[in-house]
Amino acid sequence: EQGKANAAGAIAWLAHNAPTRALILEVGALPLLVALLRAGTEQGKARASAAIRMLTNDTSTHALILEAGALPPLIALLSPSRACSDTGAGTITCCILECLAEDALSRELAEEHGTAGVLAAAAHSHDCAWADMAQSALRALCPTQDDTERALGCTHL
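Summarised in this report is the structure supplied together with it. Residue positions within a chain follow its written sequence, with the count starting from 1. Reporting in this predicted model follows two pLDDT cut-offs: at least 70 for local features of residues, and 80 or more for side-chain atom pairs to be given and counted; totals over whole chains, interfaces and linings ignore these cut-offs and use all residues. With hydrogens and water excluded, all non-hydrogen atoms of the structure serve as input to the side-chain values.

Here we look at the overall build of the chain
So the rule is basically this: Numbering of helices and strands runs from the N terminus, with a helix taken as a DSSP run of H or I at least four residues long and a strand as a DSSP run of E at least two residues long. Note on exposure labels: buried denotes an accessible area under 20% of the residue type's maximum, exposed denotes more than 50%, and partly exposed covers the range between, all computed with a 1.4 Å probe on protein chains only. Accessible areas in this description were obtained via Shrake-Rupley with a 1.4 Å probe; residue shielding takes into account the shown protein chains only.
If you tally the helices and strands in the chain, you get 11 helices and zero strands. Mapped from its N terminus to its C terminus, the chain presents α and β elements in the order α-α-α-α-α-α-α-α-α-α-α. Here the chain holds 157 residues, and 46% of them are scored as buried. With an accessible surface of roughly 7700 Å², the chain has 57% of that area assigned to carbon and sulfur atoms.

Laid out in structure tokens, this is it:
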């Protein structure tokens, strides 16, 4: 498991460069990163989320990331039981969601998975190390008050 976490960390580092990001996708690393998000160690999940975050720098990768099934395990990193742990995965996941919010499909999928509620809970928690990032991601996913209320399933915040 340590080897997988280290490999994900290396991919994150390599993904700082646009041509390398394309190569990472070409060799099929994205499904492996998603698998690590689903069933890796805490360190592996944090490093896989960091690699995926770097891949989101190219908007052309957003659909590929969604098609690879990354959204559910990313949202799981924001679950209430993990919401305020300081593994780095929460902050990185909020950044990923904020980047993915640039397109309507991502926002729709995030809404279907209940992301807004998890982000809102973290954003309003005084104990959460990444509350500000959660608030920023929530604003990106739900740019209007009506969007936020619809996503949270309520009429008043």
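On we go from here.
A look at helix H9 (residues 115-123)
Judged by how many residues are buried, H9 sits mostly within the fold: seven of nine residues are covered. Among all positions of H9, only Thr115, Ala116, Val118, Leu119, Ala120, Ala122 and Ala123 are buried.

Comments concerning the environment of Ala120
By secondary structure assignment, the location of Ala120 is in helix H9. Separated by 17 residues in the primary sequence, Ala120 and Ala137 have C-alpha atoms spaced 9.5 Å apart.

Considering the pattern of salt bridges
Two side chains with opposite charge may pair up if their charged atoms get near one another. The condition is simple: We define a salt bridge as a side-chain nitrogen of Lys or Arg found within 4 Å of a carboxyl oxygen belonging to Asp or Glu.
One pass over the structure, following the stated rule, counts two salt bridges. Here Glu1 makes a salt bridge to Lys4, at a shortest N to O gap of 3.5 Å. Where Arg21 meets Asp58, a salt bridge forms, and the shortest distance between an N and an O atom there is 2.9 Å. Taken together, the residues span a long stretch of sequence, with Arg21 in helix H2 (residues 18-26) and Asp58 in the loop between helix H4 (42-55) and helix H5 (62-67) at a distance of 37 residues. With relative accessibility at 7%, the residue Arg21 sits in the buried group.

Focus: the state of the cysteines
Operational definition: In what follows, a disulfide is any cysteine sulfur pair within 2.5 Å.
Within this structure, the stated rule accounts for zero disulfides. A disulfide-free cysteine, Cys94 has its sulfur positioned 7.1 Å from the sulfur of Cys95, the nearest such atom.

Some words on the nonpolar core
Note the cut-off: Residues grouped as a nonpolar core are buried Ala, Val, Leu, Ile, Met, Phe, Trp, Tyr and Cys residues, joined through side-chain atoms within 4.5 Å. Contacts: residue pairs with any heavy atoms within 4.5 Å of one another.
With 48 residues, the main nonpolar core has Leu33, Ile52 and Leu119 as its most contacted residues. Counting only elements with at least two residues in this core, the list comes to helix H1 (2-14), helix H3 (29-39), H4, H5, helix H6 (71-76), helix H7 (89-100), H9 and helix H10 (131-141). Excluding residues that lie within four positions of it along the chain, Leu33 makes contacts with Ala8, Ile11, Ala48, Ala51, Ile52 and Leu55.

Here we look at the side chain of Thr56
Relative to the assigned elements, Thr56 resides in the loop between H4 and H5. Aside from chain neighbours lying at most four places away, what touches Thr56 is Thr61, His62, Ile65, Ile96, Cys99 and Leu100.

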